[in-house]
Amino acid sequence: MRRVSLLLILLLGCPPTLSDDDDDATVADDDDAVDDDDTVDDDDSTPTPIDDDDVSDDDDLMDDDDDIGLELLCDALTDDEVLTSLYEGPKVPPGWYTDGFDGNTESALYPDWGCSNDTDDTLALSQDFYGATESELIETRADRMFNETLWSSPSGFVMHLRQTRCDYWDGELLDQGIGPFWELDPLRELAGYQWWRDNHNISGHHIVLAYEFPGNATNFLTMCHISTVYGDWGVRDEVTVWQTDWTMSQVGGTGYTTGPQYVRLVLGNEN
């Protein structure tokens, strides 16, 4: 985490200060624009997306050298926002990745198999995983983001078995580093696609919202999402709030993700 924090300093830089260290005589913060070393919170002239109140803080736009890691931004969600997302909202907000499969006739399984170079590799792997015969194969197809095989199941469902394409995301580079990615849309698409792969068929798992921050050379995204354990016989639903953080270089498309981090538990409806 310290390495990531130092990287953020190098990428974003620090605002100019009139002095190296003003070490205020008062304990309370004086909200001076050049305050860089107060013993209390020194989030001064510019609001910061990530809290940086470290005793050695230098007023960077992001966390500079705190050992506690990135602030849990998703803890700012109210209980009402969490429960509204669960009981009234869609699985993902508008603009996030979804497949739109008909859940009555289709089932999409996306095992974390790593990336795939072509449809033949995915066909062989999925056939071994599913244990299907060639007569059950419906089709193979190559999407911009993944290679996929579709199989018919004895129960009448269409089974989607998929691998992410290596030339879309190989686990480190987006589009094999083809860029630049000045806009946040590619990062949001990747984060949403990765989340959907793991959570699309689990009831009570939702993306609530995300915080997005464009930097000078790196883009940042913090996703707030939930999982649910439904209660029964007078027991209340237990909704866990999670946070997953992404960073991506704007030029090379190199991405990193941390999390999910546990944020807190929210009690839902009583059943």
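All of these numbers come straight from a predicted model, not from anything done at the bench. (Residues numbered from 1 in each chain as written. Predicted model: local features only at pLDDT ≥ 70, side-chain atom pairs only at ≥ 80, totals over all residues. Heavy atoms only, no water.)

Participant: Before we go on, may I ask you to explain the environment of D75 in this structure?
Facilitator: Among the secondary structure elements, D75 is positioned in the loop between α1 (2-12) and α2 (79-87). Take D75: its relative accessible area is 42%, and that puts it in the partly exposed class. Not counting the four nearest positions on each side in its chain, D75 is found in contact with V263 and R264. (Helix = DSSP H or I, 4+ residues; strand = E, 2+ residues; numbered from the N terminus. Buried < 20%, exposed > 50% of the residue type's maximum accessible area, 1.4 Å probe, protein only. Contact = heavy atoms within 4.5 Å.)

Participant: I'm lost on the sheet that holds strand β6 (residues 218-229) in this one. Help?
Facilitator: Hydrogen bonds along the backbone pair up the strands of a sheet, which may run parallel or antiparallel. Read from one edge of the open sheet, four strands run β5-β6-β7-β8, paired in antiparallel fashion. Each edge of the open sheet is held by one strand with a lone partner, namely β5 (206-214) and β8 (255-270). Taking the axes of each pair of neighbouring strands and ignoring which way they run, one obtains an average angle of 15° across the sheet. Two strands pair when backbone bridges link them, and strand β7 (residues 236-249) and β8 are joined in this way by 11 bridges, in the antiparallel orientation. Note that in β8 the partner of D245 across the bridge is T258. On top of the sheet, α2 reaches β5, β6, β7 and β8; it is set at about 90° to β8, its chief contact. Across the sheet, helix α4 (residues 185-199) lies against β5, β6 and β7, angled at about 25° from β6, the strand it touches most. (Pairing = 2+ DSSP bridges. Axes fitted to C-alpha atoms, helices over the stretch in contact; angles between N-to-C directions.)

Participant: How do you make sense of α4 when you look at a structure like this?
Facilitator: One turn of an α-helix holds 3.6 residues; hence residues three or four places apart share an orientation. Compared with an ideal rise of 1.5 Å per residue, which puts 15 residues at 21 Å, α4 spans 21 Å between its outermost C-alpha atoms and is within 8% of the ideal. Along α4, the residues classified as buried are L187, L190, A191, G192, Y193, Q194, W195, W196, R197 and N199. At its buried positions, α4 is contacted by β3 (146-152), β4 (158-164), β5, β6 and β7. (Expected span 1.5 Å × (residues − 1).)

Participant: Explanation requested: unusual backbone geometry in the structure shown.
Facilitator: With the exception of glycine, the majority of residues adopt a negative phi angle, and the majority of peptide bonds are in the trans configuration. The peptide bond linking G179 to P180 adopts the cis configuration, its omega dihedral lying at 0°. Cis peptide bonds are those with omega within 30 degrees of zero, and the linkage from G259 to P260 qualifies with 5°. Even without being glycine, Q176 reaches a positive phi, approximately 50°. Relative to the helices and strands, Q176 is located in the loop between β4 and α4. At W233, a residue that is not glycine, the phi angle is positive and equals roughly 50°. Structurally, W233 can be placed in the loop between β6 and β7. By relative accessible area, which is 79% here, W233 ends up exposed.

Participant: Looking at this structure, I do not really get the state of the cysteines. What am I missing?
Facilitator: Two cysteines whose sulfur atoms are joined by a covalent bond form what is called a disulfide. With the rule as written, the count across this model stands at two disulfides. In this model C74 forms its disulfide with C224; the gap between the sulfur atoms is 2.0 Å. On the sign convention where negative means left-handed, the S-S torsion of about -90° between C74 and C224 marks this disulfide as left-handed. Of this pair, C74 sits in the loop between α1 and α2 while C224 sits in strand β6, placing them 150 residues apart in sequence. Each member of the pair, C74 as well as C224, is classed as buried. Here C115 is linked by a disulfide to C166, with a sulfur-sulfur distance of 2.0 Å. Taking the torsion about the S-S bond as the criterion, the C115 to C166 disulfide, at about 90°, is right-handed. (Disulfide = S-S within 2.5 Å.)

Participant: Any chance you could explain the side chain of K91 here in plain terms?
Facilitator: Positionally, K91 belongs in the loop between α2 and β1 (106-109). Buried charge K91 goes without a salt bridge, the closest partner of opposite sign being D99 at 11 Å. For K91, the side chain forms a polar contact with the main-chain oxygen of I202, separated by 2.7 Å. Of note is the side chain of K91, whose polar atom sits 2.7 Å from the backbone oxygen of H205. Among all residues touching K91, those that are not within four sequence positions of it are W195, W196, N199, H200, N201, I202, H205, H206 and I207. (Lys, Arg positive; Asp, Glu negative; His and termini not counted. Salt bridge = Lys/Arg side-chain N within 4 Å of Asp/Glu carboxyl O. Polar contact = N/O pair within 3.5 Å; in protein donor to acceptor, adjacent residues only side chain to side chain.)

Participant: What's the story with the pattern of salt bridges in this structure? I'm lost.
Facilitator: With the rule as written, the count across this model stands at 11 salt bridges. A salt bridge links D79 to R264, with the shortest nitrogen-to-oxygen separation between them at 2.9 Å. Pair noted here: D79 is in helix α2 and R264 is in strand β8, with a separation of 185 residues, a long-range link. Of the residues examined, R264 reaches a relative accessible area of 17% and is grouped as buried. One network of salt bridges, in which partners are shared, links D99, R141, E148 and R162.

Functional significance is not addressed by these values, which are geometric in nature.
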